[in-house]
Amino acid sequence: MERDTLVLGIETSCDETAAAVVRRRADGAGEIVSNIVRSQIEEHRAYGGVVPELAARAHVVHLDGIVRRALEEAGVELSELDGIAATAGPGLIGGVLVGLTTGKALAAASGKPLLAVNHLEGHALTARLTDGVRFPYLMLLVSGGHSQFVLVKGVGEYERWGSTIDDALGEAFDKAAKLLGLGYPGGPEVERAAEGGDPERFDLPRPLLREKRLDFSFSGLKTALRLAAEAVAPVSDKDIADLCASFQAAVTEIVAVRLKQALERFADLYPDMRPTFVVAGGVAANKAIGAALRTIAEQAGAELVIPPPALCTDNGAMIAWAGAERLALGLVDGLDAVARPRWPLDQLGGAA
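Reading guide: rules and limits
- Residues numbered from 1 in each chain as written.
- Predicted model: local features only at pLDDT ≥ 70, side-chain atom pairs only at ≥ 80, totals over all residues.
- Heavy atoms only, no water.
- Salt bridge = Lys/Arg side-chain N within 4 Å of Asp/Glu carboxyl O.
- Helix = DSSP H or I, 4+ residues; strand = E, 2+ residues; numbered from the N terminus.
- Buried < 20%, exposed > 50% of the residue type's maximum accessible area, 1.4 Å probe, protein only.
- Axes fitted to C-alpha atoms, helices over the stretch in contact; angles between N-to-C directions.
- Parallel < 35°, antiparallel > 145°, perpendicular 65-115°, else oblique.
- Left-handed = near helix turned anticlockwise from the far one by under 90°.
- Contact = heavy atoms within 4.5 Å.
- Pairing = 2+ DSSP bridges.
- Right-handed = clockwise from strand over helix to strand, strands pointing away.
- Polar contact = N/O pair within 3.5 Å; in protein donor to acceptor, adjacent residues only side chain to side chain.
- Core = buried A, V, L, I, M, F, W, Y, C linked by side-chain atoms within 4.5 Å.
- Expected span 1.5 Å × (residues − 1).
- Bend = angle between axes of the 7 residues up to and from the residue.

**Quick word on the pattern of salt bridges**
A pair can form between side chains of opposite charge whenever their charged atoms are brought close.
Moving on, step 1. Here the structure, examined in full by the defined rule, presents 23 salt bridges.
Moving on, step 2. Two residues, Glu121 and Arg326, come together in a salt bridge whose shortest N-O distance is 3.0 Å. On the criterion of sequence distance, the pair formed by Glu121 in helix H4 (residues 119-131) and Arg326 in helix H11 (residues 316-328) is long-range, its members being 205 residues apart.
Moving on, step 3. Residue Glu121 is classed as buried on the basis of its relative accessible area, which comes to 0%.
Moving on, step 4. Salt bridges sharing common partners tie together Asp4, Arg23, Arg25 and Glu31.

Following this line, the structure appears as structure tokens:
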């Protein structure tokens with residue numbers, strides 16, 4: 001018989017230093033007991049993007065204190081935990097090494113099982129923590145480093161249906177903001193500027209839109225945005241607003257069309273069940289994209305699940321939860337687990 005378990009989660013794959021304690025109840029329900037996140041935005045703002053060496057150094061400086069705070073806020077001792085989960089990839093290898101090494105040290109010192117978690121699996125399983133979503137379901141992961149449709153069949157069981165062939169969506173937003181002289185991170189800045197803009201002023205391309213495959217391409221759209229900006233240079237505030245609105249409209253249409261195709265594929269595969277569609281990753285916070293996804297989901301009769309914004313961006317709770325789900329299936333790791341800069345979600349293993 002299963003019992004309640006407490007797992008510490010450590011996340012250091014990019015520019016958030018995070019730790020959390022999550023409880024997985026015997027019935028499979030989840031509860032966040034503590035969740036501490038330190039963003040590094042200010043350290044990287046001047047560079048317009050994440051500098052890997054600075055990110056790793058900040059993780060080294062702050063992680064021990066953040067783990068301590070997570071345990072204190074949860075009111076638990078290390079000895080009371082049932083497992084230690086740490087991101088083992090994919091991500092910036094320096095940061096991943098900091099978190100995974102810390103997790104190994106805590107596991108070795110406490111005698112608790114180590115759970116070397118795939119960062120993407122953390123995002124994939126968050127909806128089960130927040131909303132109790134049942135398998136199988138369709139997920140769209142849209143973040144600074146990833147843009148992909150994934151069929152989530154079970155813990156460790158994933159099929160990647162489509163991904164970006166060049167820039168991730170969040171990366172495209174950051175680059176768009178940078179070339180227009182906006183701040184970092186780019187997503188919120190472009191969205192803010194777009195609110196007062198005309199989305200039809202600039203006719204920007206929708207790459208791959210007529211193709212049936214579920215892949216994305218944003219590099220050409222970014223280039224078209226640059227050429228459009230150069231054509232009206234020097235750009236005024238109104239030009240920037242219109243450029244951002246046109247860029248966001250193009251992205252929104254691309255994602256909406258791909259979702260319609262993905263939901264049709266899900267319905268063909270599971271004709272007797274109502275589809276559940278989960279959106280994960282920081283770009284899920286974009287209101288225009290979220291509204292378009294909601295409309296497509298409603299038209300398809302699908303249930304749309306978007307976790308709270310704080311759990312869409314990188315955090316320790318999603319790593320702790322993924323660890324707890326794997327622990328319940330006996331999927332633990334040895335202290336020889338390796339850090340991986342690349343680790344496709346569909347290469348994970350589930351329960352036998």
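**Remarks on the packing of helix H8 (residues 237-269) against helix H9 (residues 287-299)**
Moving on, step 1. In the contact formed by H8 and H9, the axes pass within 9 Å of each other and the chain directions differ by 25 degrees. One element, H8, and the other, H9, form an angle in the roughly parallel class. Where H8 crosses over H9, the two elements pack in a sense that is right-handed. On the side of H8, the interface is formed by Gln248, Val251, Thr252, Val255, Ala256, Leu259, Lys260 and Leu263, while H9 contributes Ala288, Ile289, Ala292, Leu293, Ile296 and Ala297.

**Re the pairing of strand E5 (residues 114-118)**
Moving on, step 1. With five of its five residues buried, E5 lies for the most part within the structure.
Moving on, step 2. Residue alternation in E5 divides its side chains into two sets, Leu114, Ala116 and Asn118 and Leu115 and Val117, and both sets are buried.
Moving on, step 3. Pairing between strand E4 (residues 83-89) and E5: five bridges, direction parallel. Within E5, the residue paired with Thr87 across the bridge is Val117.
Moving on, step 4. One crossover worth recording links E4 to the parallel E5 by way of helix H3 (residues 93-110), and it is right-handed.

**Quick notes on the pairing of strand E1 (residues 5-11)**
Moving on, step 1. For E1, a buried count of seven out of seven residues is recorded, marking the element as mostly surrounded by other parts of the structure.
Moving on, step 2. Neither face of E1 is exposed, since Thr5, Val7, Gly9 and Glu11 on one face and Leu6, Leu8 and Ile10 on the opposite face are all buried.
Moving on, step 3. Bridge analysis of E1 against strand E2 (residues 16-24) gives seven bridges, and the strand direction is antiparallel. For Thr5, the partnering residue across the bridge sits in E2 and is Arg24.
Moving on, step 4. Between E1 and E2, which pair antiparallel one after the other, the connecting turn spans four residues.
Moving on, step 5. Pairing geometry for E1 and E4, over four bridges, is parallel.

**Brief notes about unusual backbone geometry**
Moving on, step 1. Between Gly89 and the following residue, Pro90, the backbone shows a cis peptide bond with an omega angle of -15 degrees.
Moving on, step 2. The omega torsion of the bond from Ala233 to Pro234 falls at -5 degrees, within 30 degrees of zero and hence cis.
Moving on, step 3. Mapped onto the secondary structure, Pro234 falls in the loop between helix H7 (219-231) and H8.
Moving on, step 4. Not every positive phi belongs to a glycine, and Leu208 is a case in point at roughly 65 degrees.
Moving on, step 5. Positionally, Leu208 belongs in the loop between helix H6 (186-194) and H7.
Moving on, step 6. Residue class for Leu208 comes out buried when judged on its relative accessible area of 18%.

**Here's the deal with the side chain of Lys222**
Moving on, step 1. The residue Lys222 is located in helix H7 in this model.
Moving on, step 2. At a separation of 3.3 Å, a polar atom in the side chain of Lys222 contacts the side chain of Asp167.
Moving on, step 3. Here Lys222 is in contact with Asp167, Lys175 and Leu179, once residues within four sequence places are set aside.

**Things to note about the nonpolar core**
Moving on, step 1. Counting residues in each nonpolar core, the largest one holds 59 residues, and the members touching the most others are Leu8, Val67, Leu81, Met139, Tyr158 and Leu345.
Moving on, step 2. If we skip the residues at most four places from it in the chain, Met139 touches His123, Ala124, Gln148, Phe149, Val150, Val152, Phe277, Val278, Ala280 and Leu345.
Moving on, step 3. Within the second largest apolar cluster, 50 residues are counted, among which are Leu243, Phe277, Val279 and Val283.

**Points about helix H2 (residues 52-74)**
The α-helix winds at 3.6 residues per turn, so residues separated by three or four positions along the chain end up facing the same way.
Moving on, step 1. When the terminal C-alpha atoms of H2 are compared, their 31 Å separation across 23 residues agrees well with the 33 Å that a helix rising 1.5 Å per residue should span.
Moving on, step 2. Of all the bends in H2, the greatest measures close to 45 degrees and is centred on His62.
Moving on, step 3. All of the buried residues in H2 are Ala55, Ala56, Ala58, His59, Leu63, Ile66, Val67, Ala70, Leu71 and Ala74.
Moving on, step 4. Elements that come into contact with the buried residues of H2 comprise E1, E2, strand E3 (30-39), helix H1 (41-45) and H3.
Moving on, step 5. Where H2 terminates, the next one or two residues include Gly75, which has phi positive at roughly 70 degrees.

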